[in-house]
Amino acid sequence: QVQLVESGGGLVQAGGSLRLSCAASGRSSYSMGWFRQAPQKEREFVAGITRSGGSAYYADSVKGRFTISRDNAKNAVYLQMNSLKAEDTAVYYCTASKLLVPWRSGNSYDYWGQGTQVTVSS
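All residue numbers here refer to positions counted from 1 along the written sequence of the relevant chain. Residues qualify for local features only when their pLDDT is at least 70, as the model is predicted, and side-chain atom pairs are given and counted only at 80 or more; totals for whole chains, interfaces and linings, by contrast, use all residues. Only hydrogens and water are removed before side-chain values are computed, so all heavy atoms of the structure are retained for them.

S.K.: Hey, could you run me through the packing of aromatic side chains in this one?
M.R.: How two aromatic rings sit relative to each other is set out by the distance from centre to centre and by the angle between their planes. Note on aromatic contacts: the rings of Phe and Tyr and the six-membered ring of Trp form a pair at centre separations within 6.5 Å, being stacked when their planes are under 30 degrees apart, edge-to-face when over 60 apart, and tilted otherwise. Inspection of every chain in the model, using the stated rule, returns 7 aromatic pairs. Ring centres 5.7 Å apart and planes at 80° place the aromatic pair Tyr30 and Tyr111 in the edge-to-face group. Taken together, the positions of Tyr30 in the loop between strand S3 (18-24) and strand S4 (31-37) and Tyr111 in strand S10 (residues 111-112) put the pair 81 residues apart, joining distant regions of the chain. Summarising the aromatic geometry, the rings of Tyr109 and Trp112 are spaced 6.4 Å apart at their centres and angled 65° between planes, so their arrangement reads as edge-to-face. Judged by its relative accessible area of 29%, Trp112 falls in the partly exposed class. These aromatic residues form a ring-pair network of at least three members: Phe35, Phe45, Tyr57, Trp103, Tyr109 and Trp112. Directly above the ring of Tyr78 sits Arg19, whose terminal nitrogen or CZ lies 4.0 Å from the centroid. In this analysis the charged atom, NZ for Lys or CZ for Arg, is taken to sit over a ring once it is within 6 Å of the ring centre and within 35 degrees of the ring normal. It is Arg43 that lies over the ring of Phe35; its NZ or CZ is 5.7 Å from the centre. Numbering goes from the N terminus for both helices and strands, where a helix is a DSSP run of H or I of at least four residues and a strand is a run of E of at least two. The rule is simple: take the accessible area with a 1.4 Å probe, protein chains only, and divide by the maximum for that residue type; under 20% is buried, over 50% is exposed, in between is partly exposed.

What follows is the structure, given as structure tokens:
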């Protein structure tokens, strides 16, 4: 079992930045990802990163603005969010997958955090 705890959410003005963190319990190594869900919208993929951190991939909507990274020594994954827009407002979830490259499907991820709220004011 893996427990994921997100932090770093909050209220920010459009154009601002936030950095989300996710602390993972356990010793196994997983591919990691971030998803988000806005009110009355479906959950969507945001970013993913492989176990080694050697490869990262993003949703088109955040490419060039968000950066996912990880520190395996700390069992942590991060999401640096720059140039935030009102449409980035959502609950952001940290996820972990046993697959080498789970890509963008939520069904490929095995563990989920409880989420952290990000609100971008315009």
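S.K.: What should I look at first to understand the nonpolar core in this one?
M.R.: Proteins that are soluble and globular tend to have nonpolar side chains buried together. Core analysis: the biggest nonpolar cluster contains 34 residues, and Leu4, Met32, Trp34, Leu79, Met81 and Tyr92 have the highest contact counts within it. When residues of this core are traced back to their parent elements, those giving at least two are S3, S4, strand S5 (44-49), strand S6 (56-58), strand S7 (66-71), strand S8 (76-81), strand S9 (90-97) and strand S11 (116-121). Residues are treated as being in contact if the distance between any of their heavy atoms lies within 4.5 Å. Those residues in contact with Leu79 that lie beyond four places of it in its chain are Leu18, Arg19, Leu20, Trp34, Val46, Ala47, Phe66, Thr67, Ile68 and Tyr92. Buried Ala, Val, Leu, Ile, Met, Phe, Trp, Tyr and Cys residues that are joined via side-chain atoms within 4.5 Å together make up what is termed a nonpolar core.

S.K.: Explanation requested: the state of the cysteines in the structure shown.
M.R.: Joining two cysteines, a disulfide is a covalent bond between their sulfur atoms. When the sulfur atoms of two cysteines come within 2.5 Å, that pair is taken as a disulfide. Under the counting rule described, the total for this entry stands at 1 disulfide. Paired through a disulfide, Cys22 and Cys94 show a sulfur-sulfur distance of 2.1 Å. Residues Cys22 and Cys94 are joined by a disulfide whose S-S torsion is about -80°; by sign, that bridge is left-handed. Note that Cys22 is positioned in strand S3 and Cys94 in strand S9, a separation of 72 residues in sequence. Using a relative accessible area of 1% as the deciding quantity, one classes Cys22 as buried. Judged by relative accessible area, which is 0%, Cys94 ranks as buried.

Shape descriptors only; they carry no functional weight alone.
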